Amino acid sequence: MYLLLLIPAYVIVYFLLIWWFQRFFNINEKSKYNWNHVLIILSIYFVVLYWISNIENHELANRIQHAIWWWFLIVVISYFSIIASKVKITRFQFVFLWFFIATTFGVVNELAESIFQNVYGINFANNINDTWLDLWANSIGAVLWIIIFTNFVKK
């Protein structure tokens, strides 16, 4: 159920980031929303969801989910949002901005998991160590995807 709630959340984040980038970088030019970006985001979401759901080892699947899926999707969504918002950034700005955005979403995800687990009784983890491993996976994933996507950033 939680993963299904994330589907509209990722689409909303795409549009919110476009709005935020234009405000943050003081861009007055009209943004150019691209529905192909939304389709790519949703396609990646479902392909990786299918792939992860076929991993038998739950712990390994969870680490891959955090290192690859969440971070990759957030970096892709942010990258598409930058393009649509018509913001021009340098590679240096990209690294710090994406690390900030991806870290924020990783922490928000962990907080959401804690609410669902403690308030609604949905079991995400049997112990606190899972959260620490998630944060490590998030950090490693952040560095990996930022290094990869930095190659696509032009001034």
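Residues numbered from 1 in each chain as written. Predicted model: local features only at pLDDT ≥ 70, side-chain atom pairs only at ≥ 80, totals over all residues. Heavy atoms only, no water.

1. Let's talk about the side chain of Ser81
Phase 1 of the analysis: With respect to the element layout, Ser81 can be found in helix α3 (residues 58-85).
Phase 2 of the analysis: Take Ser81: its relative accessible area is 0%, and that puts it in the buried class.
Phase 3 of the analysis: From its side chain, Ser81 meets the backbone oxygen of Ile77 in a polar contact 2.8 Å long.
Phase 4 of the analysis: In contact with Ser81, other than residues within four places in its own chain, are Tyr14, Leu17, Ile18 and Phe21. (Helix = DSSP H or I, 4+ residues; strand = E, 2+ residues; numbered from the N terminus. Buried < 20%, exposed > 50% of the residue type's maximum accessible area, 1.4 Å probe, protein only. Polar contact = N/O pair within 3.5 Å; in protein donor to acceptor, adjacent residues only side chain to side chain. Contact = heavy atoms within 4.5 Å.)

2. What about the packing of helix α4 (residues 91-120) against helix α5 (residues 129-150)?
Phase 1 of the analysis: Relative orientation of the contacting elements α4 and α5 amounts to 155°, with a least axis distance of 10 Å. Classified by the interaxial angle, the pair formed by α4 and α5 is roughly antiparallel. For α4 against α5, the interelement crossing comes out right-handed. Residue-level inspection shows Arg91, Phe94, Val95, Trp98, Phe99, Gly106, Glu110 and Glu113 of α4 in contact with α5, the latter providing Thr131, Asp134, Leu135, Asn138, Ala142, Ile146, Phe149 and Thr150.
Phase 2 of the analysis: Split into classes, the residues belonging to the contact of α4 with α5 amount to 8 nonpolar, 4 polar and 4 charged. (Axes fitted to C-alpha atoms, helices over the stretch in contact; angles between N-to-C directions. Parallel < 35°, antiparallel > 145°, perpendicular 65-115°, else oblique. Left-handed = near helix turned anticlockwise from the far one by under 90°. Nonpolar A, V, L, I, M, F, W, Y, C, P; charged D, E, K, R; others polar.)

3. Details of the packing of aromatic side chains
Phase 1 of the analysis: Taken as a whole and judged by the stated rule, the model has 11 aromatic pairs.
Phase 2 of the analysis: For the ring pair Trp20 and Phe24, a centre distance of 4.7 Å and an interplane angle of 20° mean the geometry is stacked. Of this pair, Trp20 and Phe24 both sit in helix α1 (residues 2-24), separated by 4 residues, roughly a single helical turn.
Phase 3 of the analysis: The class for Trp20 is partly exposed, based on a relative accessible area of 26%.
Phase 4 of the analysis: Among the aromatic residues, ring-to-ring pairing joins Tyr14, Phe15, Tyr33 and Trp35 into one connected group. (Phe/Tyr/Trp six-rings, centres within 6.5 Å; stacked < 30°, edge-to-face > 60°.)

4. Here's the deal with the environment of Ile140
Phase 1 of the analysis: Mapped onto the elements of the fold, Ile140 is located in helix α5.
Phase 2 of the analysis: When the C-alpha atoms of Ile140 and Ala67 are compared, they prove to be 6.4 Å apart, with 73 residues separating the residues in sequence.

5. Some details on unusual backbone geometry
Phase 1 of the analysis: Here Asn26, not a glycine, exhibits a phi torsion of approximately 55°, which is positive.
Phase 2 of the analysis: Among the residues examined, Asn26 registers a relative accessible area of 59% and is labelled exposed.
Phase 3 of the analysis: Although it is not a glycine, Lys86 adopts a positive phi angle of roughly 65°.
Phase 4 of the analysis: If you trace the backbone, Lys86 turns up in the loop between α3 and α4.

6. Some words on the pattern of salt bridges
Phase 1 of the analysis: Applying the stated criterion across every chain, the model contains 4 salt bridges.
Phase 2 of the analysis: A salt bridge links Glu29 to Lys86; its shortest N-O distance comes to 3.2 Å. On the criterion of sequence distance, the pair formed by Glu29 in the loop between α1 and α2 (35-53) and Lys86 in the loop between α3 and α4 is long-range, its members being 57 residues apart.
Phase 3 of the analysis: In this structure Lys86 comes out as partly exposed when scored by relative accessible area, which is 27%.
Phase 4 of the analysis: The partner of Arg63 in a salt bridge is Asp134, and the shortest N-O contact between them spans 2.4 Å. Highlighted residues: Arg63 in helix α3 and Asp134 in helix α5, separated in sequence by 71 residues. Taken individually, Arg63 and Asp134 each receive the classification buried, so the pair is uniform in this respect.
Phase 5 of the analysis: By sharing partners, the salt bridges in this structure join Glu59, Arg63, Asp130 and Asp134 into a single network. (Salt bridge = Lys/Arg side-chain N within 4 Å of Asp/Glu carboxyl O.)

7. Section: α3
Phase 1 of the analysis: With 28 residues, α3 should cover 40 Å at 1.5 Å per step; its first-to-last C-alpha distance of 38 Å lies within 8% of that length.
Phase 2 of the analysis: Considering bend angle alone, the principal kink of α3 is centred on Gln65 and spans about 35°.
Phase 3 of the analysis: Where α3 begins, the capping side chain belongs to Asn57, and its oxygen is found 3.0 Å from the backbone nitrogen of Glu59.
Phase 4 of the analysis: Directly beyond the C-terminal end of α3, a positive phi value near 65° is found at Lys86. (Expected span 1.5 Å × (residues − 1). Bend = angle between axes of the 7 residues up to and from the residue.)

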